Amino acid sequence: MSYPAPAPLVVAGCSSPKEFWHLDAELAYLNHGSFGACPKPVLEAMATLRIEVERQPMAFFVDQLHQQIATAMETWASLLGARTADLAPVDNATTGMNAAINGLIEAGDAVVVPHQLYESVRHALSRRHSEVAFTKTVVPIPIPYPGDDAFLDRLMDAVTPATRTMIVDQVCSPTATVQPVARLAKACAERGINLIVDGAHAPGAVDVDLGDMSAAVWTGNGHKWAFAPHGCAVLWVCPQLQERIQSPVTSLGYELDYPERFLWTGTRDRTAQCVFPEAVAFARRLGGFGAVRAHNDALARFGADQILEKLGFAAVAPVQNFGPMVAISCAIEAERDQIGQLRAYFRDQHQVEVFTHIVAGTLLIRLSGQVYNTASEMVRLADALVQARNKGIGPWA
Ligand SMILES: Cc1ncc(COP(=O)(O)O)c(C=O)c1O
């Protein structure tokens, strides 16, 4: 099946959406997923606010910050279908996941996780394990992704009467697979299991309706797909568990209730979190997150299709399980340094930046579609891949 290239989004007053970004104009930046990239209007709002902060630091930190964060949390609440009382600002999903793991996992618990969890989350689990003894069952999820029903069954089959916690990604990082977290949350809630959802990639990229999701904890980034500056993320905790969730940084708010205890984590730049409403306003300028997502999903599928047609590789999941990123298995074994050589070859010889990774010893390419990308950039990636293989670059050496 082939996927046509979507029409670029039309924005009044600019000839191409790429004008809104500082990205190198020559570069096909096809890895929005790793660190996002913040559009200029949001960065400008942030720069203005930073100057405000420096004009009168006492006024900002003592008198205004609380209200600014409250306004940002209201914006998050309407994006996520959540109550503001359940939301706390965090710097990134890593912080949110540390708070969840440290707060919910106790000595003697049994924890179930799929084996593709993000590496820093695996480290947070190891660290918690060094503090309290719990058992961890790691469930293999095959590649290609076996489908939502099988994913659910595999995880739920690993549950025992001792299972207290399950952790899952909403969008799995290396495989780009969008996973059925709402269904899983329901199944977990029925068994009295706390589901922690790592939604690092979710805001702005896939549907999130926390009002309708019976998860225990969910965290997600504004700085990946929701056009926010780096350092803008949010944590959601269901009301019954809020008492147990502390900020990983012990600071002035330590003795306050949730979410106030997350408001102060020591003095630092908070402007990325404060300008979240500007990030959502930017999405509205593009037609809203719905229009952005429709464009990005279609462009990512088009890009994947170019690679599959030219190289005969296979996507790692059914197409309906992808959002604005698609991961493709290149059917070749790879070592870490070969991945680095390949990335450098793409960047230096073809002006293409794309995510390359090894899963189960095999090279995966994960491409992202964002409104600043074009169909011709996707074609450039596919051609670069053909040449890398023909010239024996990286794993093809
Ligand atoms: C599933 C997942 N969790 C957590 C993270 C970490 O995000 P951050 O560095 O913004 O905390 C990522 C980053 O890509 C991710 O993919």
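Residues numbered from 1 in each chain as written. Predicted model: local features only at pLDDT ≥ 70, side-chain atom pairs only at ≥ 80, totals over all residues.

Describing the domain arrangement of the protein chain
At step 1: According to the domain assignment, the protein chain consists of domain 1 (17–30 + 287–396) and domain 2 (43–282).
At step 2: For domain 1 and domain 2, the distance between their C-alpha centroids amounts to 27 Å.
At step 3: Taken together, the contact pairs 19 residues of domain 1 with 14 residues of domain 2.
At step 4: Secondary structure elements with two or more residues in the side of domain 1 that touches domain 2: α10 (289–311), β10 (325–333), β12 (355–359) and β13 (362–368).
At step 5: In terms of residue count, β10 provides more of the side of domain 1 that touches domain 2 than any other element does, 4 residues in total.
At step 6: Class assignment of the residues belonging to the side of domain 1 that touches domain 2 gives a composition of 13 nonpolar, 4 polar and 2 charged. (Domains from an automatic or database assignment. Contact = placed C-beta atoms within 7 Å. Helix = DSSP H or I, 4+ residues; strand = E, 2+ residues; numbered from the N terminus. Nonpolar A, V, L, I, M, F, W, Y, C, P; charged D, E, K, R; others polar.)

Thoughts on the site of the ligand
At step 1: Taken together, Asn92, Ala93, Thr94, Tyr118, Ser120, Asp169, Ser173, Asp198, Ala200, His201 and Asn221 make up the full set of residues adjacent to the ligand.
At step 2: Considered class by class, the residues forming the shell around the ligand number 3 nonpolar, 6 polar and 2 charged. (Near = placed C-beta within 6 Å.)

So, the pairing of strand β3 (residues 110–114)
At step 1: Two strands pair when backbone bridges link them, and β3 and strand β4 (residues 135–139) are joined in this way by 5 bridges, in the parallel orientation. Opposite Val113, over in β4, you have Val138 as the bridge partner.
At step 2: For the handedness criterion, the β-α-β arrangement of β3, helix α5 (residues 119–131) and β4 is classed as right-handed.
At step 3: Strand direction decides the pairing type here: β3 and strand β5 (residues 163–169), joined by 3 bridges, are parallel. Residue Val111 lies in a different strand from β5, and its bridge partner there is Thr165. (Pairing = 2+ DSSP bridges. Right-handed = clockwise from strand over helix to strand, strands pointing away.)

Some words on the environment of Ser247
At step 1: Structurally, Ser247 is set in the loop between β8 (233–237) and α8 (271–274).
At step 2: Overall, Ser247 belongs to the buried group, with 24 C-beta atoms counted inside 10 Å.
At step 3: In this structure, the C-alpha to C-alpha distance between Ser247 and Pro229, residues 18 residues apart in sequence, is 21 Å.
At step 4: Residues contacting Ser247, with those up to four places away along its chain left out, are Ala99, Gly253, Arg261, Phe262 and Thr265. (Buried ≥ 20, exposed ≤ 12 C-beta atoms within 10 Å, placed from the backbone.)

Quick notes on the environment of Leu385
At step 1: Inspection of the secondary structure assignment puts Leu385 in helix α12 (residues 375–391).
At step 2: Take Leu385: there are 25 C-beta atoms within 10 Å of it, and that puts it in the buried class.
At step 3: Once the C-alpha coordinates of Leu385 and Lys310 are considered, the two residues, 75 residues apart in sequence, prove to be 9.1 Å apart.
At step 4: In contact with Leu385, not counting residues within four places along its chain, are Ile307 and Leu311.

With respect to the sheet that holds strand β9 (residues 314–315)
At step 1: Spatial ordering of the open sheet is given by β9-β10-β13-β12, a layout of 4 strands whose pairing is antiparallel. Since the sheet does not close on itself, it has two edges, and those belong to β9 and β12, each with one partner.
At step 2: Examined bridge by bridge, β9 and β10 share 2 bridges and lie antiparallel to one another. Looking at the pairing, Ala315 lines up with Ile328 of β10.
At step 3: Across the sheet, α10 is in contact with β9, β10 and β13; its angle to β10 comes to roughly 20°. (Axes fitted to C-alpha atoms, helices over the stretch in contact; angles between N-to-C directions.)

Focus on unusual backbone geometry
At step 1: Of the consecutive residues Ile143 and Pro144, the connecting peptide bond is found in the cis state with omega at 5°.
At step 2: Inspection of the secondary structure puts Pro144 in the loop between β4 and α6 (148–157).
At step 3: With an omega of 0°, the peptide bond running from Tyr258 to Pro259 counts as cis.
At step 4: Here Pro259 lies in the loop between β8 and α8.

Quick notes on the nonpolar core
At step 1: Leu195, Val217, Trp236, Ala279, Val326, Ile328 and Leu381 are the most contacted members of the largest nonpolar core, which has 115 residues in total.
At step 2: With residues near it in sequence (within four places) discarded, Ile328 still touches Ala304, Ile307, Phe313, Ala315, Val316, Leu364 and Ile365. (Core = buried A, V, L, I, M, F, W, Y, C linked by C-beta atoms within 7 Å.)

Some details on the packing of helix α11 (residues 336–350) against α12
At step 1: At a closest axis distance of 11 Å, the pairing of α11 and α12 adopts a crossing angle of 120°. With respect to α12, the element α11 is oriented oblique. In the crossing of α11 with α12, the sense of the turn from one axis to the other is right-handed. Along the contact surface, α11 presents Leu342, Tyr345, Phe346 and His350, while α12 presents Arg380, Ala384 and Ala388.
At step 2: Tallied by class, residues from the contact of α11 with α12 come to 5 nonpolar, 1 polar and 1 charged. (Parallel < 35°, antiparallel > 145°, perpendicular 65-115°, else oblique. Left-handed = near helix turned anticlockwise from the far one by under 90°.)

Things to note about helix α7 (residues 181–190)
At step 1: Three or more residues of α7 are buried, namely Val181, Leu184, Ala185 and Cys188. In an axial view of α7, the angular spread of the buried residues amounts to 105°, which keeps them on one side of the axis.
At step 2: In the core, the buried residues of α7 are packed alongside α6, β5 and β6 (194–199).
At step 3: A positive backbone phi angle near 70° is found at Gly192, which sits one or two residues after α7. (Arc of directions from axis to C-beta.)

Structural notes on the sheet that holds β5
At step 1: On the basis of which strands lie adjacent, the open sheet formed by 7 strands has the order β2-β8-β7-β6-β5-β3-β4 and mixed pairing. Taken across any chain shown, the strands that pair with only one partner, and hence form the sheet edges, are β2 (87–90) and β4. Each adjacent strand pair in this sheet contributes to an overall mean axis angle of 15°, direction not counted.
At step 2: Both β6 and strand β7 (residues 217–221) contribute to a ladder of 4 bridges, which runs parallel. Paired with Asp198 across the bridge in β7 is Thr219.
At step 3: Along the sheet, helix α4 (residues 93–104) makes contact with β2, β5, β6, β7 and β8, crossing β7 at roughly 165°.
At step 4: Together, β5 and β6 form the strand contacts of α7, whose direction differs from that of β6 by roughly 165°.

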